[in-house]
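# Structural overview for review
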Amino acid sequence: MENIQVLKPYYRVDETLAEIKECLEIGWTGMGFKTEKIEEKWREYTGLNNAYFVNSATSGLHLAFKELKDKYGWQDGDEVITTPFTFVSTNHAIKYENLSPVFADVDEYLCLDPLDVAKKITPKTKALIFVGLTGNIGRYYEIVELCKKNNLKLILDAAHMAGTRFNGEIVGKESDVVVYSFQAVKNMPTADSGMVCFKDDELDKNAREIGWLGINKDTFSRTTNEGVYKWKYDVPNIGYKYHGNSIMAAMALVSLKYLDEDNKYRREISSLYQEKLKGLVSEGKLSFIPQPEGLESSTHVVQILIDNRDKVLESLYAANIYPGVHYTLNTEYAPYDYANNTCPKAEEYAKRVVSLPVHMGITEENISYICKVLMDVL
Ligand SMILES: *Cc1c(COP(=O)(O)O)cnc(C)c1O
């Protein structure tokens, strides 16, 4: 029998190839052309002020911290409150700018707990990064208020959240920056790309310059209509090569078209797991992560909590089922281990968490099989 993987990208192959073919035929695969189109479509879809298409969410997160640090004059060592329960990009991005990650604990949603966050605020705290784990938002709106009250900038790591809505609205307008990932196994797949959405137009403009090696064409394009200086540009600052390209944008354009439909299917998978496993839930052998009322989650993955996690995983592997674990706490890794043992709830959850297979290739039959094996094992 075929292995069931936790995550697997699904592409509409012919439609995606047709979009890519346009790039190849006109000979334009780089920045511009399709990247402008996906940015426009993403602004339309999300209602966010700006959208800059980049080569990964990791790059987008770095640009977020760099731009905010420059604009608001943050110093090296200034603090950013963050979660240990995430992919390392979230915290690496803080460190890229020599800022200091201060870890706060999570709540039952596995997202930052506003009560613990409040305790971690110091005079050096400048910002908070919130991770909408699996597309959930936990107590995001309380965090928004807390940030306002304490004058902290808010970055939303929305790598799992493409299409997440609350009371019918895309989540993120409340944040200073929202960063999405369109990496292959995320819920809006390309091969590798992302979107960084600044609320502030000036930061969006600067990020585009810094994301293209610091190149600024404005000065010359404004002053010359003769064409003599068409090749000339200024480089006022050192930048990075972070912008996206038209091949990835072509893939994203197709994925975006089906995003709501795909997320709906993911929510159906989630409901089926909950339905079929409710026996184990009532016996107290397994629990799902709760979601706030009014949330329509992108459902990047479905997480459960179980005891003896590693032994159960072995039994599942033996049945050709390959769930994942999101995540090992970042505070277990050397760059962040100064904060090991500072987030007791996160540590408890991290020992028990499992991500069940969720992707467009999962069938009801797969789910029945996975649930049956889980019931046997537990
Ligand atoms: C995947 C992921 C990222 C990084 O996304 P890339 O596009 O691969 O750089 C950042 N944060 C979280 C929470 C992620 O899961």
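Residues numbered from 1 in each chain as written. Predicted model: local features only at pLDDT ≥ 70, side-chain atom pairs only at ≥ 80, totals over all residues. Heavy atoms only, no water.

## A short note on the layout of surface pockets
When its volume is computed, the largest pocket comes out at roughly 440 Å³. Elements that contribute at least two residues to the lining of the largest pocket include exactly α2 (34–46), β2 (52–54) and α7 (201–210). In this structure, the second largest pocket occupies an estimated 270 Å³ of space. Considering the residues around the second largest pocket, the lining is formed by 22 residues, among which F87, S89, A159, S181 and K186 are closest to the centre. Among the secondary structure elements, those contributing two or more residues to the lining of the second largest pocket are α3 (57–72) and α4 (89–96). (1 Å grid on protein atoms, 1.4 Å probe; cavity = no way out; pocket = protein on both sides within 12 Å on 5 of 7 lines; lining within 4 Å. Points joined across faces, edges and corners; volume = space filled by probe spheres on them. Helix = DSSP H or I, 4+ residues; strand = E, 2+ residues; numbered from the N terminus.)

## What about the domain arrangement of the protein?
Assigned domains within the protein: domain 1 (13–258) and domain 2 (260–377). Put simply, the middle of domain 1 and the middle of domain 2, counted by C-alpha atoms, are 27 Å apart. Domain 1 puts 38 residues into the contact, and the matching count from domain 2 is 38 residues. Among the residues domain 1 hides against domain 2, the three largest losses belong to F85, T134 and Y258. Together they make up 19% of the total. Counting across the interface, domain 1 meets domain 2 through two salt bridges. Between R165 and D260 there is a salt bridge, and its shortest N-O distance comes to 3.0 Å. On inspection of domain 1 and its partner domain 2, the count reaches 25 residue pairs in polar contact (both at pLDDT 80 or more). Sorting elements by how many residues they give to the side of domain 1 that touches domain 2 places α4 first, with three residues. Partitioned by chemical class, the residues of the side of domain 1 that touches domain 2 number 18 nonpolar, twelve polar and eight charged. (Domains from an automatic or database assignment. Contact = heavy atoms within 4.5 Å. Buried area = accessible area lost by both parts, 1.4 Å probe. Salt bridge = Lys/Arg side-chain N within 4 Å of Asp/Glu carboxyl O. Polar contact = N/O pair within 3.5 Å; in protein donor to acceptor, adjacent residues only side chain to side chain. Nonpolar A, V, L, I, M, F, W, Y, C, P; charged D, E, K, R; others polar.)

## Comments concerning the site of the ligand
Taken together, 16 residues lie around the ligand, and T58, D157, H160, S181 and K186 are the ones closest in. T58 places a side-chain nitrogen or oxygen 2.5 Å from an oxygen atom of the ligand. In this structure, an oxygen atom belonging to the ligand sits 2.7 Å away from a side-chain N or O atom of S181. If the ligand stood free it would expose 380 Å²; the protein chains cover 94% of that surface. In this structure, the ligand is accommodated by the second largest pocket. Within the residue set of the shell around the ligand, elements represented by two or more residues are α3 and α4. Here the residues of the shell around the ligand sort into five nonpolar, nine polar and two charged. (Near = heavy atom within 4 Å. Areas by Shrake-Rupley, 256 points an atom, 1.4 Å probe, with all protein chains shown as cover. Sits in = over half its atoms within 2 Å of the grid points.)

## A short note on the packing of helix α12 (residues 309–318) against helix α14 (residues 364–377)
In the contact formed by α12 and α14, the axes pass within 10 Å of each other and the chain directions differ by 135°. What the angle tells us is that α12 and α14 run oblique. The interaxial crossing formed by α12 with α14 has right-handed handedness. Two secondary-structure elements touch here, α12 through V312, S315 and L316 and α14 through V373, L374 and V377. Residue classes in the contact of α12 with α14 are distributed as five nonpolar, one polar and no charged. (Axes fitted to C-alpha atoms, helices over the stretch in contact; angles between N-to-C directions. Parallel < 35°, antiparallel > 145°, perpendicular 65-115°, else oblique. Left-handed = near helix turned anticlockwise from the far one by under 90°.)

## Examining the pairing of strand β5 (residues 125–131)
Burial within β5 is extensive, with six of its seven residues counted as buried. Both strand β3 (residues 79–82) and β5 contribute to a ladder of three bridges, which runs parallel. Residue pairing in the sheet places V80 in a bridge with A127 of β5. Once the chain exits β5 it traverses helix α6 (residues 140–149) before rejoining the sheet at strand β6 (residues 153–157), and the crossover so formed is right-handed. (Buried < 20%, exposed > 50% of the residue type's maximum accessible area, 1.4 Å probe, protein only. Pairing = 2+ DSSP bridges. Right-handed = clockwise from strand over helix to strand, strands pointing away.)

## So, the sheet that holds strand β13 (residues 302–305)
With respect to topology, three strands assemble into an open sheet ordered β11-β13-β15, the strand pairing being antiparallel. Each having just a single partner strand, β11 (287–288) and β15 (353–356) make up the two edges of the open sheet. Strand contacts of helix α13 (residues 344–352): β13 and β15, with the helix running at about 50° to β15, the strand carrying the most contacts.

## Some points on the sheet that holds strand β4 (residues 100–103)
Paired through their backbone hydrogen bonds, the strands of a sheet run either parallel or antiparallel. If you walk across this open sheet you meet the seven strands as β2-β10-β9-β6-β5-β3-β4, and the pairing is mixed. Among the strands making up the open sheet, the edge pair consists of β2 and β4. The sheet shows a mean angle of 25° between the axes of neighbouring strands, taken without regard to direction. Here four bridges tie β3 to β4, and the two strands are oriented parallel to one another. Each residue of the ladder has a partner; that of I81, found in β4, is V102.

## Things to note about the nonpolar core
Ranked by internal contacts, the top residues of the largest apolar core, which has 64 residues, are W42, F85, L128, F130, Y180 and M195. Considering every element that reaches this core, the biggest residue donor is helix α9 (residues 246–257), with eight residues. Structurally, this core is a two-domain feature, drawing no fewer than three residues from each of domain 1 (13–258) and domain 2 (260–377). Not counting residues within four places of it along the chain, the set of residues in contact with M195 comprises I38, E39, W42, A51, Y52, F53, V54, V178, V179, Y180 and F182. (Core = buried A, V, L, I, M, F, W, Y, C linked by side-chain atoms within 4.5 Å.)

## Focus on the pattern of salt bridges
Within the structure shown, the criterion is met by 30 salt bridges. Across the salt bridge formed by R208 and E39, the nearest N and O atoms sit 3.1 Å from each other. Note that R208 is positioned in helix α7 and E39 in helix α2, a separation of 169 residues in sequence. Owing to a relative accessible area of 7%, E39 belongs among the buried residues under this scheme. Salt-bridge contacts for K126 lead to D78; the nearest nitrogen and oxygen are separated by 3.7 Å.

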